[in-house]
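Fold and geometry: a report
Below, each chain spelled out in residue letters.
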Amino acid sequence: MTHLNIVKMDGNKDESERCIGIAVQSIAAGNTDKAIKFLKKAQRLFPSKKAADLLSKLTAQSNGEAEQPKAGEPGDGEHVRRRMASASAQEFSENKENTDHDYTPEQLEAVKRIKKCKDYYEVLDVKKDCLENDLKKAYRKLALLMHPDKNKAPGATEAFKAIGNAYAVLSDPDKRRKYDVYGPDLQQARDESDYTHGGFEGDITPEELFNMFFGGGFPSGNVNRRPHHHHHSQRSHFYAYSSGREQQSESGLTLILQLAPILLLILLSLLSSFLVNDPVFSLQQTGKYTVKKQTQNLQVPYYVKDDFNVEYRGELRRIERMVEEEYLSQLRSSCWRERSYKENMLWRARNYGDARLYQQASDLRTPSCDRLQQIYS
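The rules behind these values
Residues numbered from 1 in each chain as written. Predicted model: local features only at pLDDT ≥ 70, side-chain atom pairs only at ≥ 80, totals over all residues. Heavy atoms only, no water. Helix = DSSP H or I, 4+ residues; strand = E, 2+ residues; numbered from the N terminus. Buried < 20%, exposed > 50% of the residue type's maximum accessible area, 1.4 Å probe, protein only. Contact = heavy atoms within 4.5 Å. Areas by Shrake-Rupley, 256 points an atom, 1.4 Å probe, with all protein chains shown as cover. Axes fitted to C-alpha atoms, helices over the stretch in contact; angles between N-to-C directions. Left-handed = near helix turned anticlockwise from the far one by under 90°. Phe/Tyr/Trp six-rings, centres within 6.5 Å; stacked < 30°, edge-to-face > 60°. Lys NZ or Arg CZ within 6 Å of the ring centre and 35° of its normal. Pairing = 2+ DSSP bridges. Expected span 1.5 Å × (residues − 1).

**Thoughts on the overall build of the protein**
Within the protein, the regular secondary structure consists of 16 helices and 2 strands. Burial statistics for the protein: of 377 residues in total, 34% are counted as buried. Intrachain contacts of the protein at a sequence separation of at least 6 include 58% that bridge at least 24 residues. In the form shown here, the protein has an accessible surface area of approximately 24500 Å², with 51% of it arising from carbon and sulfur atoms.

Written out as structure tokens, the structure reads:
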């Protein structure tokens, strides 16, 4: 079943619930014909026991088979109608409230399975020699199942992040190669509750990746909000200093003692900035890197400092290899983004039958991929 069919079924279910609500209101207002009409529509959209039971009772009442009123009660069916409307409204409200906060056992089991996974291949439930199409199929299936706006099971948000990171890493050839070599070892050194599996993460967030695949099918929730840790040491020092200002003779010494750790940290930070060497080169021209050079092999332009020829005499070949490796790595990442964006536009155009979108996707250029092909040809 494709994700379009799943979304359509969910939409039909919501519309069916709305029709049942209108039917309940119509019963309370005494409009039986309208209630029957909307209950039949609800059954066509998404058959349910609730709609079937209400429809059966109303049909029986309209055919003269409804429960007869007791002695002393109105004989025109008004009492039966009111009692049915009250019971239906209460049951509909309770069912809707329970549905809003419910999740299926299958959703919970799927979340638990991902929590137990030891690597990205296990998260996506694919083999290590799987192809890119296998990764896409696995991601589409799991992302729809795990998106926190559809899956309310505990841990669904973390599981959704794990799925996104798994696809982002395994679909990038360079990251996948490194993950295959270092992933399991690095993973053991990390916090076991961290879903990044050894620190390997994609270049985009799980929510952005989902929107690339499905065109923003679900509203953005709190998937990509990350906690920010603020250090309040400075503030606490100054608050402590402020509270001791009553005695001026002691406040000066208190201030020095309180600011000493901060001043020490600032001094160490300045020293470390002087001790750490700048990179040898930059692929972009900046204020420090102003001298333009070009590698002999791939003709890759790069920039160095003014004293480059003095400090790195005799190391030009080694540095040019480093330049080309970084350049190729950036090209691969850019190519992956361009190709993924284009393929997903084509996929959406085919599924929605949008000829205009398909033509736009077909005309999209992938300059990074073209450059890679030119290099390796």
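Now that the structure is up, let's keep going.
**Observations regarding the packing of helix α7 (residues 132-146) against helix α14 (residues 316-352)**
Put simply, α7 and α14 touch, their axes get as near as 14 Å, and they point 65° apart. Once α7 is placed against α14, the crossing between them reads as right-handed. Across the interface between the two elements, E132, K136 and R140 of α7 pack against R339, E343, N344 and W347 of α14.

**Focus: the packing of aromatic side chains**
Counting across every chain of the model gives 5 aromatic pairs. Considering the side-chain rings of Y120 and Y179, the 4.9 Å spacing of their centres and the 20° angle between planes classify their relative orientation as stacked. Residue Y120 is found in helix α6 (residues 120-124), and its partner Y179 is found in helix α9 (residues 173-188); the two are separated by 59 residues along the sequence. By relative accessible area, Y120 is classed as buried at 0%. With a centroid separation of 6.3 Å and an interplanar angle of 80°, the aromatic rings of F281 and Y302 are classed as edge-to-face. Linking F281 in the loop between α12 (248-275) and β1 (291-294) with Y302 in strand β2 (residues 301-304), this pair joins segments that are 21 residues apart in sequence. Put simply, the rings of Y120, Y121 and Y179 touch in pairs and so form one group of aromatic residues. Sitting above the plane of the W347 ring, R140 keeps its charged end 4.2 Å from the centroid.

**Considerations on unusual backbone geometry**
At D125, a residue that is not glycine, the phi angle is positive and equals roughly 60°. Judged by its relative accessible area of 64%, D125 is exposed.

**Description of the pairing of β1**
Here β1 pairs with β2 via 4 bridges, running antiparallel. The residue of β2 that forms the bridge with V291 is V304. Between β1 and β2, which pair antiparallel and follow one another directly, the connecting turn spans 6 residues, one of which, Q299, has a positive phi of 60°.

**Things to note about helix α2 (residues 32-45)**
Across its 14 residues, α2 extends 20 Å between first and last C-alpha, which sits within 8% of the 20 Å expected from 1.5 Å per residue. Those residues of α2 not exposed but buried are T32, A35, I36, F38, L39 and A42.

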